[in-house]
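A closer look at the structure
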Amino acid sequence: MSLTDQTKPEPWRKPWLTGAALWGVVIAWGGLGVWGWTQSAAGPVVAVLVTLSICADVIGARMAVHAAAPVTTGRKKGTARAAVCIALALGCIAWTGFAGKRALELADAQRRAPAEAIQAQRAEAKAALARVEADLAAVPAIRSDIPAARLRELQAARAADLARLEPQRAAALARLEAIPPPPPAPSPIPGPVLWGAVALIEGLKLFGFWAIGAGGQRCERPAPSNVIPLSPGQALARRRWGAPREA
């Protein structure tokens, strides 16, 4: 094998599957952030926030690779460029992490919304029934030690109050019974779990491409140190006649 053949990159050694999976993470996380902005913003601001999130996702995923790329402008300038790339990457992942966490919280709130809505309806119906029953209990009882004329007036007033309140009580009770019992409300996702998911995904984006060497860094087989480069004539003779036999 010639020196040229020995230094050719080996495509089968490139982690293309891992790279595709990392891009899948970037696209999915970016899509989650975009969905979150569409649920919480309105008007032209949505387009601005969506564009910022998409660009920040891509930049944050690639800046570590750019920071590790070789430079020919000197060590000092290369270090400064790497520091700038890392600073930009950290800023981008802070933005996308905030957007992703908001989207996860919105999705969790929507998951719990149906049960919470039924619970709120039942709580309101119970409060209305309790108010009517309190009004009924507040209707004064009629004492027996009062004159007959006065007794008839009090009985008429009490009957009028009861006639007014009883239909309200029946309506409040019917409203409460019409609301189905709420299903068990799902527990909210704990805050540490949300932050852990954000840290994991942002860490994959920040270090994933750098770890696998994606973005132009290819795996090459180093040539053996004892191989002497062939002249064009020797290489042509070897291709035509094969390697010379050893004595």
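A quick note: this is a predicted structure, and the numbers were derived from the prediction, not measured. (Residues numbered from 1 in each chain as written. Predicted model: local features only at pLDDT ≥ 70, side-chain atom pairs only at ≥ 80, totals over all residues. Heavy atoms only, no water.)

1. Details of the side chain of Arg 112
With respect to the secondary-structure elements, Arg 112 resides in helix α4 (residues 75–138). Relative accessible area serves as the criterion here: at 16%, Arg 112 is assigned to the buried category. Discounting chain neighbours no more than four positions away, the residues touching Arg 112 are Pro 186, Ser 187 and Pro 188. (Helix = DSSP H or I, 4+ residues; strand = E, 2+ residues; numbered from the N terminus. Buried < 20%, exposed > 50% of the residue type's maximum accessible area, 1.4 Å probe, protein only. Contact = heavy atoms within 4.5 Å.)

2. Describing helix α6 (residues 191–212)
Each full turn of the α-helix corresponds to 3.6 residues, which orients residues three or four apart in the same direction. Along its 22 residues, α6 runs 31 Å from first to last C-alpha, staying within 8% of the 32 Å computed at 1.5 Å per residue. The largest bend along α6 reaches roughly 35° and is located at Leu 206. Every buried residue of α6 is accounted for by Leu 194, Val 198, Ile 201, Glu 202, Lys 205, Leu 206, Gly 208 and Phe 209. Looking at the packing, one finds that the buried side of α6 touches α2 (16–40), α3 (44–68) and α4. Looking one or two residues beyond α6, the residue adopting positive phi is Gly 213, at roughly 75°. (Expected span 1.5 Å × (residues − 1). Bend = angle between axes of the 7 residues up to and from the residue.)

3. What to know about the packing of α3 against α4
α4 packs onto α3 with a crossing angle of 145° between their chain directions and a minimal axis gap of 8 Å. The chirality of how α3 crosses α4 is left-handed. Packed against α3, whose contacting residues are Leu 49, Leu 52, Ser 53, Ala 56, Asp 57, Ile 59, Gly 60, Met 63, Ala 64, His 66 and Ala 67, the element α4 presents Arg 81, Ala 82, Cys 85, Ile 86, Leu 88, Ala 89, Cys 92, Ile 93, Trp 95, Thr 96 and Ala 99 at the interface. Split into classes, the residues belonging to the contact of α3 with α4 amount to 16 nonpolar, four polar and two charged. (Axes fitted to C-alpha atoms, helices over the stretch in contact; angles between N-to-C directions. Left-handed = near helix turned anticlockwise from the far one by under 90°. Nonpolar A, V, L, I, M, F, W, Y, C, P; charged D, E, K, R; others polar.)

4. What about the pattern of salt bridges?
Across all of its chains, the model carries seven salt bridges by this definition. Salt-bridge contacts for Lys 205 lead to Glu 202; the nearest nitrogen and oxygen are separated by 3.2 Å. Taken together, the residues Lys 205 and Glu 202, both in helix α6 and three residues apart, mark about one turn of the helix. Taken individually, Lys 205 and Glu 202 each receive the classification buried, so the pair is uniform in this respect. Taken together, the shared-partner salt bridges connect Asp 108, Arg 111, Arg 112 and Glu 116 into one network. (Salt bridge = Lys/Arg side-chain N within 4 Å of Asp/Glu carboxyl O.)

5. Quick word on the packing of aromatic side chains
Enumeration according to the criterion identifies three aromatic pairs in this entry. Summarising the aromatic geometry, the rings of Trp 23 and Phe 209 are spaced 4.9 Å apart at their centres and angled 50° between planes, so their arrangement reads as tilted. Of this pair, Trp 23 sits in helix α2 while Phe 209 sits in helix α6, and the two are 186 residues apart along the sequence. Exposure remark for Trp 23: the relative accessible area of 32% places this residue in the partly exposed category. Through a chain of ring-to-ring contacts, three or more aromatic side chains come together here, namely Trp 37, Trp 95 and Phe 98. Here Arg 62 stacks its cationic end above the ring of Phe 209, 5.0 Å away from the centre of that ring. (Phe/Tyr/Trp six-rings, centres within 6.5 Å; stacked < 30°, edge-to-face > 60°. Lys NZ or Arg CZ within 6 Å of the ring centre and 35° of its normal.)

6. Regarding the state of the cysteines
A full pass over the atoms with the stated rule returns zero disulfides. With no disulfide of its own, Cys 55 lies 9.1 Å from the sulfur of Cys 92, the closest cysteine sulfur. Residue classification places Cys 55 among the partly exposed positions, given a relative accessible area of 40%. (Disulfide = S-S within 2.5 Å.)

7. What to know about the nonpolar core
Judged by nonpolar contacts, Met 63, Ala 64, Ala 67, Ala 82, Cys 85, Ala 89, Ile 93 and Leu 206 together constitute the single largest core of eight residues. At the level of secondary structure, the elements contributing two or more residues to this core comprise α3 and α4. The biggest single contributor to this core is α4, with four residues. Apart from residues lying up to four places away in sequence, Cys 85 is in contact with Met 63, His 66 and Ala 67. (Core = buried A, V, L, I, M, F, W, Y, C linked by side-chain atoms within 4.5 Å.)

8. Description of the packing of α2 against α6
Running from N to C, α2 and α6 cross one another at 145°; their axes reach a closest spacing of 10 Å. Considering the relative orientation of α2 and α6, their crossing is left-handed. Here Thr 18, Gly 19, Leu 22, Trp 23, Val 25, Val 26 and Trp 29 of α2 come into contact with α6, specifically with Val 198, Ile 201, Glu 202, Leu 204, Lys 205, Gly 208, Phe 209 and Ile 212. Across the contact of α2 with α6, the residue classes break down as ten nonpolar, three polar and two charged.

9. Regarding a nonpolar patch on the surface
Taken together, the side chains of Trp 23, Ile 27, Ile 54 and Val 58 make up a nonpolar region of the molecular surface, amounting to roughly 360 Å² of accessible area. A residue is classified by how much of its surface remains accessible, and Ile 54, at 45% relative accessible area, is partly exposed. (Patch = residues over 30% accessible without salt bridge, like charges linked within 9 Å, V, L, I, M, F, W, Y side chains within 5 Å. Areas by Shrake-Rupley, 256 points an atom, 1.4 Å probe, with all protein chains shown as cover.)

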